[in-house]
Amino acid sequence: MGKVNFDVMNTRVTFKNIPLHTLSKFTFKDVTAACQEFKKIPNVDECIIIQTASRVEIFTVSNVESEDSPDARRPEGKGLVLNQIKDTWISLSSLEQIDIDHFDQTLEVYKGDDVYRNLLRLAAGLDSVVVGKREILNEVSQSLATAKSAGTSGDILHKLFDSVIRLAEKMRTSTGIENNVISIGDVAVKLVDEKAGLDDKKKVLLIGTGESAARVAKTLNKRGIKFDVTSRTVDRATGFSVILGGTPVDFNDVLAGFDKYDIVFVATTADYFLITFDRIHLVMEDKKKGTLIMDLSEPRAVEEGITALPGIKLLFKDQIAEIYEENVRARVGIVPAVEKIIEKELPVLSARMTILEA
């Protein structure tokens with residue numbers, strides 16, 4: 001009998017190729033149970049799942065017989081495992097037929113060194129919505145711990161994840177890419193807090209389900225602030241809330257009850273004004289307490305004329321852009337140094353994994 005080789009595969013869906021409000025359909029309600037289901041696929045020996053607000057990534061190790069084996073590798077081997085991964089993913093998620101029809105175009109599949117490179121980039125903070133953010137490295141570590149606890153990871157993925165986590169710590173420390181990282185949400189929430197005070201007694205609304213809205217939601221969650229979330233459709237708001245929190249509300253209901261909100265964050269990509277004087281003046285004219293609206297949209301989604309209404313204060317992205325963009329520029333300047341380290345360490349990591357495989 002020939003020796004057994006191992007294929008490491010990474011199948012993923014991320015914020016780069018799917019809207020965040022749709023990503024919830026690809027998530028697993030119970031990651032531990034999902035890991036165990038993927039491990040039940042014939043020839044799949046190990047599984048780790050990284051599931052965050054911006055990605056779902058499945059790492060699997062499958063065994064295949066080498067070419068000199070009497071039971072030589074079947075031509076459909078790798079493709080068969082991939083098809084079974086897709087089928088299992090569909091069965092465990094809330095994908096609808098329209099999503100399933102586009103699953104192949106949405107799914108990214110990587111093998112071998114590409115898996116190692118992707119995981120290094122992710123752990124180092126290069127593949128995050130907010131470059132350098134420490135949070136993703138913590139999530140990679142937690143994913144490994146979850147798989148260990150579930151009994152779905154083994155020698156191959158333990159070695160890979162342990163090596164990558166150690167290298168990521170080294171890269172982050174030596175380059176400083178994670179120093180003083182702030183997101184657009186951090187800056188926006190801080191400014192609103194300074195202007196109006198932000199606590200759990202305030203009624204907060206978030207309009208939008210894109211990346212900027214996600215940053216605001218994450219910061220509000222971190223501070224324990226409850227909020228409603230709305231979008232052009234309730235489905236979008238609901239999908240967003242599944243992975244990023246908030247209570248989904250119909251946009252028409254938001255306009256009709258606009259007076260109940262003390263603080264409103266608007267972060268959309270609409271090419272027209274969502275909030276106008278005509279839309280809210282009737283419901284707002286008798287409001288006794290003030291309302292602070294922070295418009296982070298590009299282009300602006302809030303008509304400046306609403307400031308004619310009593311008690312309304314309007315802030316724009318311009319007022320935080322300098323602080324945020326300076327922070328982004330500082331980290332983008334460090335990215336090439338991190339990339340260089342990754343390309344230097346990749347062959348070493350690959351060699352380690354090959355030795356382990358043998």
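Procedures and definitions
Counting restarts for each chain: residues are numbered from 1 in the order of the written sequence. With pLDDT at 70 or above as the cut-off, local features in this predicted model cover only qualifying residues; side-chain atom pairs require 80 or more to be listed or tallied, and sums for whole chains, interfaces and linings still use all residues. To obtain the side-chain values, all non-hydrogen atoms of the structure were included, while hydrogens and water were left out. One confidence number per residue, pLDDT, is output by the predictor and ranges from 0 to 100. Contacts are residue-level and defined by heavy atoms, with any inter-residue pair within 4.5 Å sufficient. Numbering of helices and strands runs from the N terminus; a helix is a DSSP stretch of H or I covering at least four residues, while a strand is a stretch of E covering at least two. Strand pairing is assigned whenever DSSP detects at least two bridges linking the two strands. The axes are straight lines fitted to the C-alpha atoms, using for helices just the contacting stretch, and the angles between their N-to-C directions are given from 0 to 180°. Burial classes follow relative accessibility: with a 1.4 Å probe on protein chains only, a residue under 20% of its type's maximum area counts as buried, one over 50% as exposed, and anything between as partly exposed. With strands facing away from the observer, any crossover in which the path from the first strand over the helix to the second runs clockwise is taken as right-handed.

1. Notes on the confidence of the model for the chain
Averaged over all residues, the pLDDT of the chain is 91; the fraction at 70 or higher stands at 94%. Contacts from residues 66-77, a stretch scored under 50 in pLDDT, to residues over four places away or in other chains number 17 contacts.

2. Notes on the environment of L356
When you line up the elements, L356 lands in helix α15 (residues 335-357). Taking the C-alpha atoms as reference points, L356 and T60, separated by 296 residues in sequence, lie 16 Å from one another. With sequence-adjacent residues up to four places away left out, L356 is seen in contact with D155, I156 and K159.

3. Focus on the sheet that holds strand β9 (residues 291-295)
Neighbouring strands of a sheet are bound in pairs by backbone hydrogen bonds; such pairs are parallel or else antiparallel. The strand order across the open sheet formed by six strands is β7-β6-β5-β8-β9-β10, and the pairing between neighbours is parallel. Every interior strand has two partners, whereas the edge strands, β7 (247-248) and β10 (312-316), have only one. With three bridges joining them, strand β5 (residues 204-207) and strand β6 (residues 228-230) adopt parallel strand pairing. Bridge assignment links L205 to a residue of β6, and that residue is D228. Contacts between helix α9 (residues 184-196) and the sheet are confined to β8 (263-266), β9 and β10, with β9 contributing the most and set at about 155° to the helix.

4. Remarks on the pairing of β9
Within β9, five of the five residues are buried, leaving the element largely enclosed by the surrounding structure. Here four bridges tie β8 to β9, and the two strands are oriented parallel to one another. Looking across to β9, one finds that V264 is bridged to I293. Traced from β8 through helix α13 (residues 277-284) to β9, the parallel crossover comes out right-handed.

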